[in-house]
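Read off the chains here:
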Amino acid sequence: MRRRAFVASMGAAAAAVIARPALVRSASATTLRFIPQVDLAFLDPHWTTANVTRNHGFMVFDTLYGIDGNFVARPQMVEGHLTDNDGRLWELTLRDGLLWHDGETVLARDCVASIRRWSRNDAFGSALMQATDELSAPSDRIIRFRLKRPFPLLPDALAKGTPYMPAMMPERLARTPVGQQVSEMVGSGPFQFRADERLQGARNVYARFERYQPRADGPSEWVAGPKRAHYDRVVWTTTPDTATAAAALQNNEQDWWEQAAHDFLPLLRANGDIRVTVPDPTGATTMLRPNHLQPPFNNPAIWRALWRAINQSDFMTTIVGDNADLTYTPLGFFCPKTAMASDAGLDVLRGPRDYDAVKRDLQAAGYAGERVVLLVPTDYITLKALGDVAADMLKRCGFTVDYIATDWGTMLQRRNKQTSVDQGGWSLFVSSWTGLDWMNPATDIALRGNGTAGYAGWYGSDAMEALRSDWIYAANAQDRAGIARSMQLKAIDDVPFWPLGQYLQPTAHRKSITGVSSGFTTFWNVRPA
């Protein structure tokens, strides 16, 4: 029986630095001047888990579906879909009039190639492809999935707003091996990337794509609904430090500071021309990630010993200062106050921390003072703060810490090395995600147990992978919540990473702009006030 399920759109020195003509003085009434969270080191959204690249990706590329404010998948590039054969056949129909930035028509075969490339890195995408017998383009506007078994979360996979984002790109680019970055930024999104104006480490420029066709219907929430670009240009300017960023915003040299530093919030709130908000209720979730392949963190007894040293409040205080109302502890392995979150196993994070006991446990586990390489990006202010607390904690536990201070881009490259520390490898790094990344097991890349095929740190567990599969195919939300609880208990034992706490991240913009949306940073529907 054919079931019709067509889904329709249901200061002075700081000021001098930022004011250099080569960087920002080209602003006009139709230019939005923006300070990103960190330098945009990598451009390919299929290639890296960096959120700054995800944000860039949503400007340039579009997705087949998009999540709304209730985290429900809504049609975006597609008009809708039909399902048949008891959920084993899905046909997605592209909207008419979609164009790539080079003027070519968006075709189903482009999207098929893009899905294949994206799914090779993405956890949710790989689960979808494992359930797929055939992915094809029987016509220019039809994308067809023939499945081995029903996969009711198919739209959710293609709608995810987290890295790796399921960006659609022309077939010629999507054929680029996933281990190699694409050579051009040609998407079908509301903005075009101006490669000729890029200054690595300083500036990235986007121009409105005049031929973009927004959806005609539905509320514009998160990455769902109409995406209307009101600025001719958006200029991202990387600043050397938070003082420079704060001065530039106050002096009207910049319009929007994506991640306003918490210690500058009183100053910014006191400025009558600036609005400070917390747009993303899922906040930032933070972690300390060990290298499971190399000693000493290939030893389970050492992973577990460190739980008694983790003080999440210390990590959060170093970021938010006196703004304790913007933090949440104890943080487990899923975004707090969402359907998959629970307190299962979190007593390990409660009570006094005992560094002497950790030292004894480490000695009993066989730790003999080996060098531990901690990677810390100094140009990412919140991660620098986390790294400093982590280094102090590790030293108090008796570890011999080699604190490697580097820039964000270099850290991303080094953390891909699986070699020993003596051969340029690493032992630990600090990182943060949006709470959206930790919403469930399908999007939480760091919780995957697929070893050397997975995310840097290379945690391997067949049992965790089996639980993840059970979650994806569970019959209902209640069953999924129970499986997520089991996964958290497994993670407490296996330690794919240590959660360090959640904090809410304010953004600050001048009142001369309006339309800043809820969720992570997007640029459509933002306009001059």
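Above this text you will find the structure in question.
Reading the values: the criteria
Residues numbered from 1 in each chain as written. Predicted model: local features only at pLDDT ≥ 70, side-chain atom pairs only at ≥ 80, totals over all residues. Heavy atoms only, no water. Core = buried A, V, L, I, M, F, W, Y, C linked by side-chain atoms within 4.5 Å. Buried < 20%, exposed > 50% of the residue type's maximum accessible area, 1.4 Å probe, protein only. Helix = DSSP H or I, 4+ residues; strand = E, 2+ residues; numbered from the N terminus. Contact = heavy atoms within 4.5 Å. 1 Å grid on protein atoms, 1.4 Å probe; cavity = no way out; pocket = protein on both sides within 12 Å on 5 of 7 lines; lining within 4 Å. Points joined across faces, edges and corners; volume = space filled by probe spheres on them. Nonpolar A, V, L, I, M, F, W, Y, C, P; charged D, E, K, R; others polar. Phe/Tyr/Trp six-rings, centres within 6.5 Å; stacked < 30°, edge-to-face > 60°. Lys NZ or Arg CZ within 6 Å of the ring centre and 35° of its normal. Pairing = 2+ DSSP bridges. Axes fitted to C-alpha atoms, helices over the stretch in contact; angles between N-to-C directions. Parallel < 35°, antiparallel > 145°, perpendicular 65-115°, else oblique. Left-handed = near helix turned anticlockwise from the far one by under 90°. Salt bridge = Lys/Arg side-chain N within 4 Å of Asp/Glu carboxyl O.

Trainee: Tell me about the nonpolar core, and name the residues and values.
Mentor: In terms of nonpolar packing, the biggest core is built from 148 residues, with L64, I143, F145 and F399 touching the most fellow members. It is helix 12 (residues 381-396) that provides the largest number of residues to this core, a total of eight residues. With near-sequence residues (within four places) excluded, F399 lies in contact with P296, F297, I302, L306, L362, Y367, V372 and L394. Counting 15 residues, the second-largest nonpolar core is a separate cluster that includes A245, A261, L265 and L326.

Trainee: Provide a residue-level description of empty space enclosed by the protein, including the pertinent values.
Mentor: The space that makes up the largest cavity amounts to roughly 270 Å³. Along the wall of the largest cavity there are 22 residues; nearest its centre are E258, Q259, D280, T434 and Q505. Where the lining of the largest cavity is concerned, the elements lending two or more residues are helix 2 (51-60) and strand 17 (428-434). Looking at the lining of the largest cavity, its residues break down into eight nonpolar, 11 polar and three charged. Taken as a whole, the second largest cavity encloses approximately 90 Å³ of empty space. Lining the second largest cavity are 13 residues, and of these T49, A50, N51, W408 and S432 lie nearest its centre. Looking at the lining of the second largest cavity, the elements with two or more residues in it are helix 2 and strand 17. Considered class by class, the residues forming the lining of the second largest cavity number seven nonpolar, five polar and one charged.

Trainee: Give me the lowdown on the environment of A341, citing residues and values where you can.
Mentor: Along the chain, A341 falls in the loop between strand 14 (327-328) and helix 11 (355-365). As a C-alpha pair, A341 and N440 span 99 residues in sequence and 8.6 Å in three-dimensional space. Every residue in contact with A341, bar those within four places of it in the chain, is listed here: F334, C335 and P336.

Trainee: Residues and numbers for the side chain of R415, please.
Mentor: Residue placement: R415 occurs in the loop between helix 13 (408-414) and strand 17. In this structure, R415 is in contact with T49, L375, W426, F429, S431, Y455, A456 and W458, ignoring residues within four places of it in sequence.

Trainee: Talk me through the packing of aromatic side chains; I want residue IDs and the actual numbers.
Mentor: Going through the model one piece at a time under the given rule, you end up with 25 aromatic pairs. Judged by centre distance (5.8 Å) and plane angle (85°), the ring pair of F151 and Y473 falls under edge-to-face. One end of the pair, F151, is in the loop between strand 7 (142-147) and helix 5 (154-159); the other, Y473, is in the loop between helix 14 (462-472) and helix 15 (477-494), with 322 residues separating them in the sequence. Assessed through its relative accessible area of 22%, Y473 is described here as partly exposed. Of the aromatic side chains, those joined through ring pairs into one cluster are F34, F193, Y206, W236, W256 and F523. Above the ring of F520, the side-chain terminus of R54 is found at 3.8 Å from the ring centroid.

Trainee: Summarise the sheet that holds strand 4 (residues 78-84); cite the residues concerned and give the values.
Mentor: Two strands in a sheet stick together by hydrogen bonds in their backbones, pointing the same way (parallel) or opposite ways (antiparallel). Across the sheet, four strands lie side by side as 4-5-7-6; this open sheet has antiparallel pairing. The sheet terminates laterally at strand 4 and strand 6 (132-136), the two strands that pair on one side only. In this sheet, adjacent strand axes meet at a mean angle of 15° when their direction is disregarded. Across five bridges, strand 5 (residues 89-94) lies against strand 7 in antiparallel orientation.

Trainee: Residue-level account of the packing of helix 14 against helix 15, with values.
Mentor: Where helix 14 meets helix 15, the closest approach of the two axes is 9 Å, and the angle between their N-to-C directions is 165°. Taken together, the axis directions place helix 14 and helix 15 in an arrangement best described as roughly antiparallel. Handedness of the crossing formed by helix 14 with helix 15: left-handed. The segment helix 14 lies against helix 15, with A463, M464, L467, R468, D470, W471 and I472 engaging R480, I483, A484, S486, M487, K490 and A491. Split into classes, the residues belonging to the contact of helix 14 with helix 15 amount to nine nonpolar, one polar and four charged.

Trainee: Explain the pattern of salt bridges to me, using residue names and the numbers behind them.
Mentor: In total, this model carries 30 salt bridges according to the counting rule given. Linking E79 and R141 is a salt bridge whose minimum nitrogen-to-oxygen distance equals 2.8 Å. Note that E79 is positioned in strand 4 and R141 in the loop between strand 6 and strand 7, a separation of 62 residues in sequence. Between K160 and D122 there is a salt bridge, with its nearest N and O atoms 2.8 Å apart. Here D122 lies in the loop between helix 3 (108-119) and helix 4 (123-130) and K160 lies in the loop between helix 5 and helix 6 (171-174), a separation of 38 residues in the sequence. Overall, K160 belongs to the buried group, its relative accessible area being 3%.

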